[in-house]
Structure formats: structure tokens, C-alpha cells
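Observations on the three-dimensional arrangement
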Amino acid sequence: MSEVLLALENVVAGYGRAAPVLRGLTVTVRAGEVVCLVGPNGAGKSTALKVASGLLTARSGRVLLSGKDVAGLSPQRLLGRGLAHVLQGHSVFREMTVAENVRLGGYTVRDQAVLNARIEAVKELFPVVAERWGSVAGLLSGGQQKQVEFARALMLEPAVVLLDEPSMGLDPRNTQIVFDQIDLMRGAGVAVLLVEQNARRALEMADVGCVLDLGRVHISGPARELAADPRLGRLYLGGVPSDRTAGDAARPRPPGPAF
Ligand SMILES: Nc1ncnc2c1ncn2[C@@H]1O[C@H](COP(=O)(O)OP(=O)(O)OP(=O)(O)O)[C@@H](O)[C@H]1O
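In this text, all values refer to a predicted model and were calculated from it rather than measured experimentally. The written sequence of each chain sets the order in which its residues are numbered from 1. Reporting of local features is limited, given that this is a predicted model, to residues whose pLDDT is at least 70; pairs of side-chain atoms are given and counted only at 80 or more, and all residues count toward the totals for whole chains, interfaces and linings.

In this section: the overall build of the protein. The secondary structure content of the protein amounts to 11 helices and 10 strands. Buried positions account for 42% of the 259 residues belonging to the protein. By definition, residues are in contact whenever their C-beta atoms, placed on the basis of the backbone, come within 7 Å of each other. A sequence separation of at least 24 residues applies to 65% of the contacts in the protein between residues at least 6 apart. The secondary structure listing takes helices from DSSP runs of H or I that are at least 4 residues long and strands from runs of E that are at least 2 residues long, numbered from the N terminus. Exposure is read from a count of other C-beta atoms within 10 Å of each residue's own; the residue is exposed at 12 or fewer, buried at 20 or more and partly exposed in between. C-beta atoms are placed from the backbone.

This next bit is on helix H6 (residues 142-154). Along its 13 residues, H6 runs 19 Å from first to last C-alpha, staying within 8% of the 18 Å computed at 1.5 Å per residue. Extensive coverage of H6 is indicated by the burial of 12 of its 13 residues. Within the span of H6, buried status applies to Gly-143, Gln-144, Gln-145, Lys-146, Gln-147, Val-148, Glu-149, Phe-150, Ala-151, Arg-152, Ala-153 and Leu-154. At its buried positions, H6 is contacted by strand S6 (83-86), helix H3 (98-105), helix H4 (112-125), helix H5 (127-131), strand S7 (160-164) and helix H7 (172-187). Given the number of residues in a helix, its expected span is that number minus one, multiplied by 1.5 Å.

A molecule or strand has a residue near it when that residue's C-beta atom, placed from backbone coordinates, lies within 6 Å of it. Near the ligand you find Tyr-15, Val-21, Gly-39, Asn-41, Gly-42, Ala-43, Gly-44, Lys-45, Ser-46, Thr-47 and Gln-197, and these make up its full shell. Looking at the shell around the ligand residue by residue, the classes come out as three nonpolar, seven polar and one charged. When residue character is reported, Ala, Val, Leu, Ile, Met, Phe, Trp, Tyr, Cys and Pro are called nonpolar, Asp, Glu, Lys and Arg charged, and the others, Gly included, polar.

Once that is clear, we can look at the sheet that holds strand S5 (residues 68-69). Sheet strands associate in pairs through backbone hydrogen bonding, adopting either a parallel or an antiparallel arrangement. Two strands are counted as paired when DSSP detects at least two bridges linking them. The four strands lie next to each other as S2-S1-S4-S5, forming an open sheet whose pairing is antiparallel. Single-partner strands in this sheet number two, and they are strand S2 (22-30) and S5. Pairing between strand S1 (residues 4-13) and strand S4 (residues 60-65): five bridges, direction antiparallel. Along S4, the bridge assignment pairs Leu-6 with Leu-65. Orientation is described by lines fitted to C-alpha atoms, with helices fitted over the stretch in contact, and by angles between N-to-C directions that extend from 0 to 180 degrees. Here helix H1 (residues 45-53) sits on the sheet in contact with S1, S2 and S4, set at roughly 115° to S1.

Let's shift gears to unusual backbone geometry. One non-glycine residue, Asn-10, lies in positive phi territory at about 55°. Tracing the backbone through its elements, the reader meets Asn-10 in strand S1.

If you want to describe how two helices pack, look at the angle between their axes and the distance between the axes. Running from N to C, H6 and H7 cross one another at 20°; their axes reach a closest spacing of 9 Å. Judged by the inter-axis angle, H6 sits roughly parallel to H7. Taken as a pair, H6 and H7 cross one another with a handedness that is right-handed. Contacts between H6 and H7 pair Gly-142, Gly-143, Lys-146, Gln-147 and Phe-150 from the former with Asn-174, Ile-177, Val-178, Gln-181 and Met-185 from the latter. Of the residues belonging to the contact of H6 with H7, the class tally is four nonpolar, five polar and one charged. An angle below 35 degrees is read as roughly parallel, one above 145 as roughly antiparallel, one from 65 to 115 as roughly perpendicular, and any other as oblique. Handedness of each helix crossing follows the sense of rotation of the near helix against the far helix: counterclockwise by less than a right angle gives left-handed, clockwise gives right-handed.

Turning next to the nonpolar core. A set of buried Ala, Val, Leu, Ile, Met, Phe, Trp, Tyr and Cys residues, joined to one another through C-beta atoms within 7 Å, is what we call a nonpolar core. Of all hydrophobic cores here, the largest spans 74 residues; its most connected members are Val-35, Cys-36, Val-161, Val-192, Leu-193, Leu-194 and Ala-206. For Ala-206, the residues in contact, after removing those within four places along its chain, are Val-34, Val-35, Cys-36, Leu-194 and Ala-223.

Moving on, we get to the sheet that holds strand S10 (residues 216-222). Across the sheet, which stays open at both edges, the six strands sit in the order S6-S7-S8-S3-S9-S10 with mixed pairing between neighbours. Two strands lie at the open edges of the sheet, namely S6 and S10, each paired on one side alone. Sheet twist, expressed as the average angle between the axes of neighbouring strands with direction ignored, equals 15°. One ladder, built from four bridges, connects S6 with S7; its direction is parallel. Across the sheet, residue His-85 finds its bridge partner in S7, namely Leu-162. Contacts between H7 and the sheet are confined to strand S3 (34-38), S7 and strand S8 (191-195), with S8 contributing the most and set at about 155° to the helix.

Looking now at the pairing of S1. Of the pairings in the sheet, the one linking S1 to S2 comprises seven bridges and is antiparallel in character. Its bridge partner lying in S2, Val-11 is registered against Leu-25.

Burial analysis of S3 places five of its five residues in the buried class, the great majority of the element. Neither face of S3 is left uncovered, since the one carrying Val-34, Cys-36 and Val-38 and the one carrying Val-35 and Leu-37 both have all their residues buried. Pairing between S3 and S8: four bridges, direction parallel. Bridge pairing in S8 links Val-34 to Val-192.

This paragraph deals with the packing of H3 against H6. Orientation of H3 relative to H6, taken along the N-to-C sense of each, is 35°, at an axis distance of 6 Å. For the element pair H3 and H6, the recorded crossing hand is right-handed. On H6, the residues touching Val-98, Asn-101, Val-102, Leu-104 and Gly-105 of H3 are Val-148, Ala-151, Arg-152 and Ala-153. Tallied by class, residues from the contact of H3 with H6 come to six nonpolar, two polar and one charged.

Below, the structure written as C-alpha cells:
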């Protein structure tokens with residue numbers, strides 16, 4: 001089995017003084033893998049990514065990056081250690097050009113030759129970045145802007161990229177393009193931890209799937225097998241999977257998206 005790059009172990013985390021959102025979450029990402037977190041709204045998927053990237057500090061449990069405990073490190077420090085987070089929604093600087101956006105991702109690279117080589121690499125991986133290099137980013141379509149975000153995230157050659165709902169707001173064609181690009185990232189040797197509402201399609205592309213509910217992994221396994229697991233449909237339709245406890249079931253949960 002390939003090396004474990006990122007591991008969340010028994011993580012408990014939440015916001016302020018409120019009850020924890022993650023309640024003993026364990027997720028592992030290995031080299032060369034796309035691991036997909038799916039689950040109903042409010043299950044804690046985005047929160048899991050925030051803990052992994054240092055935006056939120058776990059109350060307990062461990063966060064390991066290439067075997068080293070990185071809990072409490074800032075997102076900047078984690079980026080320097082090879083972990084990039086592409087946030088939910090659109091985060092390109094719309095008034096800046098594609099070139100300026102992508103270059104921002106490599107702001108810590110001092111060696112011009114290295115920077116140029118990285119730019120060429122992301123242009124090759126994301127042709128639209130090359131085609132629209134001089135364009136103002138706000139003029140690109142939502143799917144194209146997402147690819148600019150991917151390119152920017154890859155400029156420091158991260159080992160692991162966290163992608164939070166990259167298909168959000170995209171039409172089916174652009175969703176497919178974005179999923180194809182994630183597949184290409186994996187092909188380029190980047191491990192991906194992906195959160196997706198578009199559960200079935202994401203699981204068809206991912207290697208490993210984890211179904212989160214109420215801050216824990218309830219079902220996990222080979223992604224394609226999960227996509228066909230009837231328990232997943234039940235969970236999304238508001239049913240209670242058999243492995244949830246009576247206490248869990250009593251906790252209110254917002255309705256999930258159509259699966
Ligand atoms: N900044 C915040 N402050 C307080 N509570 C928050 C914050 N962000 C998220 N939460 C709460 O944490 C819980 C989990 O949210 P999270 O965004 O992790 O869920 P999710 O599984 O990603 O949901 P969705 O699919 O709707 O994006 C929700 O109850 C949410 O209201």
C-alpha cells in the first residue's frame with residue numbers, strides 16, 4: 001500500500017463553545033489517491049478540511065502530514081509543508097489576470113527559473129490557464145475560474161490538495177471538466193481530499209469514499225462500491241443508517257441534497 005500522506009485521527013473539533021461538529025473523525029489519504037468525503041448538509045465535511053489545513057484547530061485527536069503531527073500549525077506553514085486548500089466557492093481575484101492569480105500561488109518561490117517551470121507545468125495541466133493567461137479572471141466562466149484556482153494551488157507543488165465542493169454552482173458540462181481535472185491532478189502525483197455534494201459522480205471518480213454523518217465516518221471503502229451502496233441513498237434521503245446510535249438519531253440534522 002502507498003504511503004499515508006495525510007491522516008486525521010479521532011479528531012474532535014467545533015466552533016467556539018458550541019458542541020463539537022467533528023466527533024471522533026478518522027480519515028486517511030494515501031499517495032496517489034483521491035479520497036472523497038460525502039454526506040448530508042452539516043455533517044462536518046468542510047469542517048474536516050478546515051482542521052486538515054489549519055484553519056481550525058482540533059480540540060483533540062491528531063492531524064498527521066507525512067507522519068508528523070501538524071495540529072496547531074497555521075495554513076501558511078502547512079502550505080509550506082505540502083498541503084494546499086482550495087476553499088468552497090470562488091476565490092480567484094476577479095479584477096486580476098489569470099497570470100497574476102496563478103503567480104500569487106507561487107509567491108514564496110524566489111528562484112525565477114523554478115517559478116517559470118511551475119507555471120509551464122500548470123499551463124500544461126490546465127490548458128485553459130494557458131489560453132486565457134492574459135485575461136482578467138472575472139471574465140472566465142465558473143468552471144474556468146475553478147481551474148485557475150487549481151493551478152494557483154499547485155504552484156507550490158503540494159503533495160496533498162484539499163478541494164471543497166469544486167463543482168458547486170457549475171453546470172453538468174463544467175462539473176465534468178472539473179472532475180476530469182481532478183483526475184489529471186491525481187495522474188500528476190497529487191493526492192486529493194475532496195468534499196462533494198455531487199456524491200455519486202464524485203464517488204465514481206474517487207478511489208476511496210467516506211460517508212460522514214454527524215461528525216464521524218459512518219461508511220467507508222472503495223469509492224465505486226460506495227456509490228452503489230443502498231445505505232448511502234437512505235442517508236441522503238433522511239433515513240438513519242443502522243450503525244447510528246439512538247443518541248445520534250435524536251440529534252437534529254438538516255435535510256441532505258438529492259443524491
Ligand atoms: N464558522 C462557523 N461558525 C459556527 N458554526 C459553523 C461554522 N462553520 C460551520 N459551522 C457549523 O458546523 C456544522 C458543520 O458544517 P460544515 O460546513 O462542516 O458541514 P458540511 O458537511 O460541509 O455541510 P455542507 O454540505 O452544507 O457544506 C454546521 O452545523 C454548521 O452550521
